[in-house]
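Spelled out from the first residue to the last, the chains are:
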Amino acid sequence: MKIEFAPINIPFKRRMQTFAVMKWIFTFLFLGQCCLAVFVFLIVAGYWYIAAIYTVWLYLDWETPNQGGRRSEWVRNWTIWNYFCDYFPIHLKKTTALDPKFNYLFGFHPHGVLVAGAFGNFCTESTNFRKLFPDLTPYLCVLPYWFKVPFFRDYVMCGGLVSSVKSSVSHILSREEGGNVAVIVIGGAEESLDARPGALTLRALNRKGFIKLATKCGAHLVPVFSFGENELFNQVNNPIGSTLRTIQERFQKIMGFTLPLFHARGVFQYNFGLLPFRKPIYTIVGKPIVVEQNHAPSNQEIEALHNTYIEALNELFEENKAQYGIPETDHLSFS
């Protein structure tokens, strides 16, 4: 295989974009382990009193990720996020205005490998979320294990990340003042195992918990489709039933998350590495589905609303696919 190296004379802006994405990859894959190592080091290196003080803080602050988190507008507005979003680039598009008197549950599709679109659009201000949706505050819901790692939990909460457990999402969607958006990646970690260029299969048919939650809270449902999300990485072939897929699925059942074996390009060459391809991402926020609050919805009501949501999501995809490079003959499939 002939290696295609990056040119030497690259504009400073593009170098900063690459650095920003490297930082994001490092945060996603390695920062948690580094923070845990620092915590252990404080104990074994004689700085146990610092670890002890932080442990007390951790005990007192344990429920914060389940109660709206602790966002920092300063962190969300860091200049590095502008470089991050410009790398792909990431674009946020709205189809209609959203009334801030209500709370909303955004169903984000597809998961992709590392949900770059969800992070860029809802954990930073670099794609103008505030300007497009004034008086709305987004919260990206992620797996609760992110908030069990010392120091790391405090950093990720600054971006507006909160736990995806039911009590956490309910806390956001039940606020009477309205204007809150809980963003849930519906396909979850399981869908990431199918994320590769051209993939259009969504894990949504058996995902109905978010429907029940929105109904109990009276939050309007909004389908969100991110074109280009699956184009960022290649993935080692792992068909259902293969040894690799079996190991990945068992790991998910034990740990709550999984490990897609992805690859794309490197820093100085374009043939292999952990950096994503420079492919544009267009995240389209659909029209809201009005949900009447019902504290005890029946299975039939949940099923009917779920069908309405799937139809709205499919319609959103079909209306926009030609504009973003999807052939007319290609359609979403749901599993």
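Further up the page is the structure itself.
One structure accompanies this document, and this report is about it. (Residues numbered from 1 in each chain as written. Predicted model: local features only at pLDDT ≥ 70, side-chain atom pairs only at ≥ 80, totals over all residues. Heavy atoms only, no water.)

Let us now look at the overall build of the chain. What the chain contains, in helices and strands, is twelve helices and eleven strands. The C-alpha atoms of the chain give 20 Å as radius of gyration, which agrees with the globular expectation for 335 residues (20 Å, within 12%). For the C-alpha atoms alone, the extent of the chain along its principal axes is close to 55 × 55 × 45 Å. Counting every position in the chain, which comprises 335 residues, the buried fraction comes to 50%. Counted over contacts in the chain with a minimum sequence separation of 6, partners at least 24 positions apart contribute 78%. Approximately 16300 Å² of the chain is accessible, and the part contributed by carbon and sulfur atoms is 61%. (Helix = DSSP H or I, 4+ residues; strand = E, 2+ residues; numbered from the N terminus. Rg over C-alpha atoms; globule rule 2.2 N^0.38 Å. Buried < 20%, exposed > 50% of the residue type's maximum accessible area, 1.4 Å probe, protein only. Contact = heavy atoms within 4.5 Å. Areas by Shrake-Rupley, 256 points an atom, 1.4 Å probe, with all protein chains shown as cover.)

The full count for this structure, using the stated rule, is 31 aromatic pairs. On the basis of an interplanar angle of 90° and a centroid distance of 6.4 Å, the ring pair of Trp81 and Phe84 is categorised as edge-to-face. Of this pair, Trp81 and Phe84 both sit in helix H4 (residues 79-87), separated by three residues, roughly a single helical turn. Overall, the relative accessible area of 4% leaves Trp81 in the buried class. Judged by its relative accessible area of 0%, Phe84 falls in the buried class. In this arrangement the basic side chain of Arg71 is found over the ring face of Tyr139, its NZ or CZ atom lying 4.8 Å from the centre. Of note, Lys94 hangs over the ring of Phe133, and the distance from its end group to the ring centre comes to 5.9 Å. (Phe/Tyr/Trp six-rings, centres within 6.5 Å; stacked < 30°, edge-to-face > 60°. Lys NZ or Arg CZ within 6 Å of the ring centre and 35° of its normal.)

Grouped together as the largest cluster of nonpolar side chains are 54 residues, with contacts concentrated most on Phe84, Phe88 and Phe106. Once you skip the residues sitting within four places of it in the chain, Phe88 turns out to touch Val21, Ala116, Leu232, Pro276, Phe277, Arg278, Lys279, Pro280 and Ile281. (Core = buried A, V, L, I, M, F, W, Y, C linked by side-chain atoms within 4.5 Å.)

Here we take up the packing of helix H1 (residues 12-44) against H4. Each pair of packed helices can be described by the angle between their axes along with the distance between the axes. Packing of H1 against H4 brings their axes to within 8 Å, and their N-to-C directions diverge by 100°. Taken together, the axes of H1 and H4 lie roughly perpendicular to each other. Across from Lys13, Met16, Gln17, Thr18, Phe19, Ala20, Val21, Lys23 and Trp24 in H1, the residues of H4 making contact are Ile80, Trp81, Tyr83, Phe84, Asp86 and Tyr87. For the contact of H1 with H4, the class distribution of residues is ten nonpolar, two polar and three charged. (Axes fitted to C-alpha atoms, helices over the stretch in contact; angles between N-to-C directions. Parallel < 35°, antiparallel > 145°, perpendicular 65-115°, else oblique. Nonpolar A, V, L, I, M, F, W, Y, C, P; charged D, E, K, R; others polar.)

So, about the pairing of strand S2 (residues 104-109). A large share of S2 lies buried, amounting to six of its six residues. The alternating pattern of S2 places Tyr104, Phe106 and Phe108 on one face and Leu105, Gly107 and His109 on the opposite face, and all of these are buried. With five bridges connecting them, S2 and strand S5 (residues 180-185) associate as parallel partners. The residue bridging Phe108 from the neighbouring strand is Val185, located in S5. Taken together, the six bridges between S2 and strand S7 (residues 220-227) define a ladder with parallel strand orientation. What sits directly across from Phe106, in S7, is Val222. (Pairing = 2+ DSSP bridges.)

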